[in-house]
Amino acid sequence: MRLHVVNPNTTASMTAKIAAAARSVALPDTVIDARQPAMGPVSIEGFYDEAFAVPGMLGCIRDADRDGADAHIIACFDDTGLDAARAAAKAPVIGIGEAGFHMASLIAARFAVVTTLGVSVVPIEHNLRKYGLAERCARVRAADVPVLALEERNTDALAKISAEITAAIRDDRAEAIVLGCAGMADLAAELAASHGLPVVDGVAAAVTLAESLVRLGLTTSRLGPYAAPRSKTYSGMLSSFEP
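Residues numbered from 1 in each chain as written. Predicted model: local features only at pLDDT ≥ 70, side-chain atom pairs only at ≥ 80, totals over all residues. Heavy atoms only, no water.

Draft legend 1. Summary view of the overall build of the protein. What the protein contains, in helices and strands, is eight helices and eight strands. Over its C-alpha trace the protein gives a radius of gyration of 17 Å, about what one expects of a compact globule, namely 18 Å for 243 residues. On the principal axes, the C-alpha backbone points of the protein span a range of 55 × 35 × 35 Å. Taken as a whole, the protein presents about 10,900 Å² of accessible surface, with 56% of it coming from carbon and sulfur. Within the protein, one finds 22 positive and 28 negative side-chain charges whose respective centroids are separated by 5 Å. (Helix = DSSP H or I, 4+ residues; strand = E, 2+ residues; numbered from the N terminus. Rg over C-alpha atoms; globule rule 2.2 N^0.38 Å. Areas by Shrake-Rupley, 256 points an atom, 1.4 Å probe, with all protein chains shown as cover. Lys, Arg positive; Asp, Glu negative; His and termini not counted. Charge placed at Lys NZ, Arg CZ, Asp CG, Glu CD.)

Take a look at the structure:
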């Protein structure tokens, strides 16, 4: 099967890291097609960046659909543009945030999320309520680490994330941790070993769930808000996004 993994920001090095994490857990016959848009922010940190990331991401999904993708994965923990993508795509679409939450809920009664900056806490909390999993999440914590700092191992990013996990175990009684950024994908195993509890990477969780949907032949329902967009005119730079 062919899985399209889209990094909604424009940083190619992060796309490469995400692709490596996806391939490390994919089935032997799964092809990972990783892409990022040509337009949009270099990182997504909060509601403002998310708004500018969606058009380029939807363009990647449209192109991958045409190339025969069996499923799409949105590799931003805020699940940037997930609802729009499900309406637009022929193949099923999974967000790494939603995938991470659901995977953690299968292995722990209470989990905590450790994300990058404080500006991302409210969007994640909003998604937890939307998905019906807010009661299972003990707390969403921010490590005060800019997204692009995760691209460099010589920063103190790992130490800050590790400190928040320690606090989540001690103060929030968390039994599992969900890493709240695709840029943290390569840290999950190391953090799980050092803290002695399950640490869920949303990229890996989304790949395994996407493979399951494809194997089961399940696609997005068109009987509600994910019905295909009606044909209409889009003006200016968005003219190429006409359904």
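Draft legend 2. Layout of the packing of helix α6 (residues 157-171) against helix α7 (residues 188-195). Two elements in contact, α6 and α7, have axes whose closest approach is 11 Å; the angle formed by their N-to-C orientations is 45°. In terms of orientation, α6 lies oblique with respect to α7. Here α6 runs over α7; the crossing is right-handed. Between α6 and α7, the contacting residues are Leu158, Ile161, Ser162, Ile165, Thr166 and Ile169 on the first element and Glu190, Leu191 and His195 on the second. Looking at the contact of α6 with α7 residue by residue, the class counts come to five nonpolar, three polar and one charged. (Axes fitted to C-alpha atoms, helices over the stretch in contact; angles between N-to-C directions. Parallel < 35°, antiparallel > 145°, perpendicular 65-115°, else oblique. Left-handed = near helix turned anticlockwise from the far one by under 90°. Contact = heavy atoms within 4.5 Å. Nonpolar A, V, L, I, M, F, W, Y, C, P; charged D, E, K, R; others polar.)

Draft legend 3. Here's a closer look at the sheet that holds strand β1 (residues 2-6). An order of β2-β1-β3-β4 is seen for the four strands of this open sheet, with the pairing classed as parallel. At either margin of the open sheet sits one strand with a lone partner, and together these are β2 (31-35) and β4 (93-95). Each strand axis lies, on average, 20° off the axis of its neighbour in the sheet, ignoring direction. Sheet topology note: the β1/β2 ladder contains five bridges and is parallel. (Pairing = 2+ DSSP bridges.)

Draft legend 4. Region of the structure containing the packing of helix α1 (residues 12-25) against helix α8 (residues 202-216). Their axes nearest at 9 Å, the elements α1 and α8 cross at an angle of 50°. If you check the angle between α1 and α8, you find them oblique. In this structure, α1 crosses over α8, and the sense of that crossing is right-handed. Taking contact as the criterion, the partners of Ile18, Ala21, Ala22 and Val25 in α1 are, on α8, Val203, Ala204, Val207 and Glu211. Taken together, the residues of the contact of α1 with α8 break down into seven nonpolar, no polar and one charged.

Draft legend 5. Structural detail: α8. The terminal C-alpha atoms of α8 lie 21 Å apart, and with 15 residues this matches the ideal 21 Å at 1.5 Å per residue to within 8%. For α8, the set of buried residues is Gly202, Val203, Ala204, Ala205, Ala206, Val207, Ala210 and Glu211. Of the surrounding secondary structure, the elements contacted by the buried residues of α8 are β1, α1, β3 (71-74), β4, α4 (96-105) and β8 (199-201). Measuring from the side-chain oxygen of the N-cap residue of α8 to the backbone nitrogen of valine 203 gives 3.1 Å; that N-cap residue is aspartate 201. (Expected span 1.5 Å × (residues − 1). Buried < 20%, exposed > 50% of the residue type's maximum accessible area, 1.4 Å probe, protein only. Polar contact = N/O pair within 3.5 Å; in protein donor to acceptor, adjacent residues only side chain to side chain.)

Draft legend 6. The arrangement of helix α5 (residues 121-130) in detail. Taken residue by residue, α5 has Val121, Pro123, Ile124, Asn127 and Leu128 as its buried positions. Buried residues in α5, looked at end-on, bunch into an arc of 165°, giving them a common side. Of the surrounding secondary structure, the elements contacted by the buried residues of α5 are α2 (47-66), α4, β5 (111-115) and β6 (137-142). One or two steps after α5, the chain reaches glycine 132, where phi turns positive at roughly 75°. (Arc of directions from axis to C-beta.)

Draft legend 7. Representation of the side chain of threonine 220 within the structure. Its location among the elements puts threonine 220 in the segment after α8. A relative accessible area of 14% means that threonine 220 is categorised as buried. In this view, threonine 220 contacts Arg86, Ala91, Pro92, Val93 and Tyr226; residues no more than four positions away in its chain are not counted.

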